[in-house]
Amino acid sequence: MNFSYNEVSEVAGKEMTLDGSNIGFHRERVEAWTRGERVAPIFMDIAWTRKCQAACSFCYAQAQASEGGEITRQNAMDFLEDAAEVGVLAMNYISDGESTMVPWYAESVEKAASLGIRVGAGSNGISLTEPVLERVLPHLMSLRFNFSAGEKQRYAQIMGLKPALYDRVLENIRAAVRLSKGCIINMNLVCDPKDSDQLLPFARLARELGVHYAIIKHCAVDPDSVLDVDIKGYEAIEGIMQECESLSTADTKIVVKWNKIKHAGERAYTACYGPPFALQMSGNGLIAPCGPLFNEKYRAFHIGNITTQRFKDIFHSERYWDVMAYLASDNFNPQKRCPSDCMQNFTNDWLFRYKAGQVTFPIVPAPSNVEFLA
Amino acid sequence: MAERGLEVLVRFPAGISLDVQGEFLLSAERGLRDHTGLDVRVVKDLMGDDSKLRHKMSFVERAKL
């Protein structure tokens, strides 16, 4: 299947890639990589903890536990300095934990911004009260509220939270919209087909709250079947998702990740080239090529841990480049080894086609979230 | 979708560092694939902490994660 990599959506007057990859806009780094040079990640998806107050049944973090440490404030600040030093351009504070649960969360956003790293964040929104928002919003490129329902009781069921938190989070979202300034505020519903009754209530709620956009995305499926999701169930609910999109207004865009949903996890590429450009860190400090390889079972691909090593040393280590080379070799075919989707999927696809001479660098203007590869 | 391939499970006794485990596993996988030509994956005989599946836990248990 062919993806539309650079299809941009206009959100709050900004052009953004919401369902594709921006890798093609990074010509210099891609060409350096092609020459065999050791390039720094453009983007990292990270978490400061694996803790989370919620317990969504589809949460991929359930399949991502590994032996690791507890990231201290000092570990985090060192990590951000190292990341900036090696050349990381952007980070999403999302990964496999609720990063707002660490007491130095706001400081970590401020610190990254002060180092020139663009930051996006995802959160269940419970801890994002107005005082926290006032500190972080001026430094965030985007803030995503993970909110996988539209109605209070179903929210509590699906996300494993007390119903009262529904109201608290809505209050926080309203505050974020009001205080947003340049930050794009969005809501994110991970759609398990069996919970499709919540799609329209979610879209209506997003519109009422006035977030800049709301995403409806697929569930991830892990290779070890820890998660129980019917990935083929999306076809039956396409009509509902289209109806959700039709609820878009000038202020709130409802976006269905059709690229991700339609390809149903099929990968057209046979080598994994994406992790050197889009790297991930678990909330226990583990640096690994991707989230699906976080689990302790996949220790073969675990590169290092920022609770015991400096990130710049991990990045410059032979181990880092050995793992990356292995993933890009004939020994690692993502079609056979990987679950149906991953954060690097579109980036992988573009890079594979680029090496095969099937795509080249786009000539259209770069979107506002160009440093974000997911 | 992922295929299982030929999984070789490795169980490490206490005292072998995680870094050494990782390097060994990758090296063993590379060697076995080179020698056999088969779709071998060398993995650790341990699913990471699956006792902590969050949706099966109480609020109190989750707070201790």
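Residues numbered from 1 in each chain as written. Chains lettered and ligands numbered in written order. Predicted model: local features only at pLDDT ≥ 70, side-chain atom pairs only at ≥ 80, totals over all residues.

Enquirer: Talk me through the packing of helix H7 (residues 199-209) of chain A against helix H8 (residues 238-246) of chain A; I want residue IDs and the actual numbers.
Expert: Residues and elements named next belong to chain A. Look at H7 against H8: their axes get within 9 Å of each other, and the N-to-C directions meet at 10 degrees. Taken as axis vectors, H7 and H8 run roughly parallel relative to one another. Along the contact surface, H7 presents Leu199, Leu200 and Ala203, while H8 presents Ile240, Met241, Glu243 and Cys244. (Axes fitted to C-alpha atoms, helices over the stretch in contact; angles between N-to-C directions. Helix = DSSP H or I, 4+ residues; strand = E, 2+ residues; numbered from the N terminus. Parallel < 35°, antiparallel > 145°, perpendicular 65-115°, else oblique. Contact = placed C-beta atoms within 7 Å.)

Enquirer: I'd like to hear about the nonpolar core, residue by residue, with values.
Expert: Among soluble globular proteins, nonpolar side chains are generally buried collectively. Residues and elements named next belong to chain A. In this structure, Phe43, Met91, Ile117, Val119, Leu140 and Ala214 are the most contacted members of the largest nonpolar core, which totals 130 residues. Of all the elements, strand S7 (residues 184-191) adds the most residues to this core, at six residues. For Met91, the contacting residues outside a window of four places in its chain are Met44, Ile46, Ala112, Ile117 and Val119. (Core = buried A, V, L, I, M, F, W, Y, C linked by C-beta atoms within 7 Å. Buried ≥ 20, exposed ≤ 12 C-beta atoms within 10 Å, placed from the backbone.)

Enquirer: Tell me about the pairing of strand S2 (residues 14-17) of chain A, and name the residues and values.
Expert: Residues and elements named next belong to chain A. Sheet topology note: the strand S1 (residues 8-11)/S2 ladder contains four bridges and is antiparallel. In the strand pairing of S2, Glu10 is matched with Glu15. Between S1 and S2, which follow one another and run antiparallel, lie two residues, and Ala12 among them has a positive phi close to 50 degrees. (Pairing = 2+ DSSP bridges.)

Enquirer: How would you explain the sheet that holds strand S5 (residues 118-123) of chain A if you had to name every residue and give the values?
Expert: Residue and element names in this part refer to chain A. Read across the open sheet, the ten strands follow the order S9-S8-S7-S6-S5-S4-S3-S10-S11-S12; overall the sheet is mixed. One side of each edge strand has no neighbouring strand; the edge strands of this open sheet are strand S9 (253-256) and strand S12 (304-305). With two bridges joining them, strand S11 (residues 286-288) and S12 adopt antiparallel strand pairing. Within S12, the position partnered with Ile287 by the bridge is Gly304. Strand contacts of H7: S7, strand S8 (213-218) and S9, with the helix running at about 155 degrees to S8, the strand carrying the most contacts.

Enquirer: Before we move on, can you summarise unusual backbone geometry with the specific residues and values?
Expert: All names here are of chain A. Backbone geometry places Ser95, a non-glycine residue, at a positive phi of 45 degrees. Along the chain, the position of Ser95 falls in the loop between strand S4 (90-93) and helix H3 (105-114). Despite not being glycine, Lys181 has its phi angle at roughly 55 degrees, a positive value. As for its placement among the helices and strands, Lys181 is situated in the loop between helix H6 (164-179) and S7.

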